[in-house]
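Structural overview for review
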Amino acid sequence: MIICKMFDLYGIEGLLDHFKTVRDFYDTKKTQMIAAVERHLQGLAEWNQPSGGMFLWVKINGIKNVYSMALERCVENNLLVVPGHPFMYLDRDNDCSYIRMSYSLVSEEEMDMGCAKLAEMIRAEKESLKMRSVS
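Residues numbered from 1 in each chain as written. Predicted model: local features only at pLDDT ≥ 70, side-chain atom pairs only at ≥ 80, totals over all residues. Heavy atoms only, no water.

Okay, the layout of surface pockets next. In this structure, the largest pocket spans a volume of roughly 400 Å³. Around the largest pocket sit 18 residues that line it, and Leu79, Leu80, Val81, Ser102 and Val106 are the ones nearest its centre. Those elements that provide at least two residues to the lining of the largest pocket are strand E4 (98–102) and helix H3 (108–134). Of the residues that constitute the lining of the largest pocket, the class distribution is twelve nonpolar, three polar and three charged. (1 Å grid on protein atoms, 1.4 Å probe; cavity = no way out; pocket = protein on both sides within 12 Å on 5 of 7 lines; lining within 4 Å. Points joined across faces, edges and corners; volume = space filled by probe spheres on them. Helix = DSSP H or I, 4+ residues; strand = E, 2+ residues; numbered from the N terminus. Nonpolar A, V, L, I, M, F, W, Y, C, P; charged D, E, K, R; others polar.)

Encoded structure:
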């Protein structure tokens, strides 16, 4: 219905131009996020460049279960990332080392600051896990 209305308003050329504008916008955002992740998360995480969309899936190296890191440590430090658990039908007690990061509504500067903060949170979580395993 929405596409039909847009077609009526803009015609095929206008609609195709709109789609290209949206595609280019998200492609730029994706490129900015990949650059921020590469700057701050090398060696701490793994990721693949998405072919489209608004999210980047990141596997955190050395942390089997990211749930509490994502929803406690990160939130307490004003960083919002989503643990992979709900997307894989897992509860918080199941191991899942993936987080999902959105890049659609943040600026390039916010991406950079967020990835730098995430690197700090990963290091702190690893240190905490190491201390717990020693005691």
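Here the narrative resumes, following the displayed structure.
Together, Ile3, Phe7, Ile12, Leu16 and Phe19 make up a nonpolar patch on the protein surface, roughly 460 Å² of accessible area in all. Residue class for Leu16 comes out partly exposed when judged on its relative accessible area of 44%. (Patch = residues over 30% accessible without salt bridge, like charges linked within 9 Å, V, L, I, M, F, W, Y side chains within 5 Å. Areas by Shrake-Rupley, 256 points an atom, 1.4 Å probe, with all protein chains shown as cover. Salt bridge = Lys/Arg side-chain N within 4 Å of Asp/Glu carboxyl O. Buried < 20%, exposed > 50% of the residue type's maximum accessible area, 1.4 Å probe, protein only.)

To continue, consider the nonpolar core. Ranked by size, the top nonpolar core spans 27 residues in total, and within it Leu41, Val58, Ile60, Met101 and Leu118 carry the most contacts. For this core, the element with the highest residue contribution is H3, accounting for six residues. Residues in contact with Met101, not counting those within four places in the same chain, are Met33, Val37, Met54, Phe55, Leu56, Val58, Val81, Cys115 and Leu118. (Core = buried A, V, L, I, M, F, W, Y, C linked by side-chain atoms within 4.5 Å. Contact = heavy atoms within 4.5 Å.)

A few words on the packing of aromatic side chains. Tallied over the entire structure, the rule returns two aromatic pairs. Seen from their ring centres, Phe25 and Tyr26 are 5.0 Å apart, and the 80° between their planes marks the pair as edge-to-face. According to the relative accessible area criterion, Tyr26 is partly exposed, its value standing at 24%. Here Trp57 and Phe87 contribute two aromatic rings whose centre-to-centre distance is 5.2 Å and whose plane-to-plane angle is 90°, an arrangement assigned as edge-to-face. Note that Trp57 is positioned in strand E2 (residues 55–60) and Phe87 in the loop between strand E3 (82–83) and E4, a separation of 30 residues in sequence. Note on Trp57: relative accessible area 33%, which makes it partly exposed. Overall, Phe87 belongs to the partly exposed group, its relative accessible area being 37%. In this arrangement the basic side chain of Arg100 is found over the ring face of Phe55, its NZ or CZ atom lying 3.6 Å from the centre. (Phe/Tyr/Trp six-rings, centres within 6.5 Å; stacked < 30°, edge-to-face > 60°. Lys NZ or Arg CZ within 6 Å of the ring centre and 35° of its normal.)

These values are about where atoms sit, not about what they do.
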